[in-house]
Structures are given as C-alpha cells and as structure tokens.
Amino acid sequence: MAYNILSVDDSQTVRAVIRKTLDLAGIEVGEIHEAGNGQEALDVLGKHWLDLVFADINMPVMTGLELVDRMSADGLLKTVPVVIVSTEGSSTRVEQLKAKGVSAYVRKPFTPEIIRSVVEEVLGGRQHEA
Ligand SMILES: [Mg+2]
C-alpha cells in the first residue's frame, strides 16, 4: 500500500531531504506534496487526501503548532496523523506536542531508519486494517 504524504517545512532543502529519506527508507509513497508553512499545508489538505503529514515547528505565516491546532479542530483533518520534525527537542516540548495529538516526534537530523520506524509505528496498524 502506497501512502500519500505531505511534507511541511519552510526549508526547501529539508523537504527534499524528507522526500529522499522516504525513498531510502523503502517506504512506498504514492503522492508526495510539499508546503512551505502551515497555511499552505491547510490549502493542500483541503484539496488532497493524505495519509501522513510531516511538519516543522518554526515556519513563517503559520507554525507547525498552529497547523496541528487547526487540524485538531477540523472533523476530517483531525484523523490525519502528524509527525513533527524539528530541532526543538526538549522533553517538555515533546510532551506538549503529544498532548496536542501529534502522533510522533522526529529530531533533525534524522536517518532513514528513524523515518521508517516512525512511519511503521504511525501507519503500520492501518495497513492491516485495510
Ligand atoms: Mg523551519
């Protein structure tokens, strides 16, 4: 089963690295969409059905945290898992993110192994339910 993925980061380089890392991790990707901030991400989410969102925290216009809040408040979007990818990794921050409903947290820089285990953890169960 191929997953449709949205990668949200204000750095085009990081978005490219996520794309490459998903490939290296052997994750079967269907569509991959990119957004430069939370608002662009909401626009993409309004137009496409996505299985998983990777989101940075610090971005102009709309941060990853506001994106998570907006998704949580939406009946449909709240079912789409979000993995936060950030350099901000204090345990307090990670606890706050979990409380907001974030599915997983990945610290930059990340490896294909980390990405694979996170995707399996977040989406693995769904694959068998289908
Ligand atoms: Mg950033």
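In what follows, the structure referred to is the one given above.
It should be emphasised that the depicted structure is a prediction, and the values quoted were computed from it without experimental measurement.

Help me out: how do you make sense of the nonpolar core in this one?
Note that soluble globular proteins tend to have their nonpolar side chains buried in a common cluster. Of all hydrophobic cores here, the largest spans 25 residues; its most connected members are L6, V8, L45, V53, L67, M71 and I84. Looking at this core, the elements that each hand over two or more residues are β1 (3-8), α2 (38-47), β3 (52-55), α3 (64-72), β4 (82-86) and α4 (91-99). In this structure V8 touches A35, N37, G38, A41, V53, F54, A55, D56, M59 and L67, once residues within four positions along its chain are discounted. Ranked by size, the runner-up nonpolar core spans 19 residues in total, among them V14, V83, V119 and L123.

Teacher, can you tell me more about the sheet that holds β1 here?
The strands that make up a sheet are held in pairs by hydrogen bonds between backbone atoms, and each pair lies either parallel or antiparallel. Read across the open sheet, the five strands follow the order β2-β1-β3-β4-β5; overall the sheet is parallel. In this open sheet, the two edge strands, each paired with only one partner strand, are β2 (29-35) and β5 (104-107). Averaged over all adjacent pairs, the angle separating strand axes in this sheet is 20 degrees, with direction ignored. When β4 meets β5, the two strands line up parallel, connected through four bridges.

Explain the pairing of β1 here, please?
The side chains of a regular strand alternate between both faces of the sheet. Counting buried positions over the six residues of β1 gives six, a clear majority of the element. Burial along β1 is two-sided: the residues Y3, I5 and S7 and N4, L6 and V8 are all buried. Strand direction decides the pairing type here: β1 and β2, joined by five bridges, are parallel. Within β2, the position partnered with Y3 by the bridge is V29. A crossover connection joins β1 to the parallel β2 through helix α1 (residues 12-24); in handedness this β-α-β unit is right-handed. Looking at chain direction, β1 and β3 are connected through four bridges and run parallel.

Cut-offs applied
Residues numbered from 1 in each chain as written. Predicted model: local features only at pLDDT ≥ 70, side-chain atom pairs only at ≥ 80, totals over all residues. Heavy atoms only, no water. Core = buried A, V, L, I, M, F, W, Y, C linked by side-chain atoms within 4.5 Å. Buried < 20%, exposed > 50% of the residue type's maximum accessible area, 1.4 Å probe, protein only. Helix = DSSP H or I, 4+ residues; strand = E, 2+ residues; numbered from the N terminus. Contact = heavy atoms within 4.5 Å. Pairing = 2+ DSSP bridges. Axes fitted to C-alpha atoms, helices over the stretch in contact; angles between N-to-C directions. Right-handed = clockwise from strand over helix to strand, strands pointing away.

The analysis is restricted to geometry; functional conclusions fall outside its scope.
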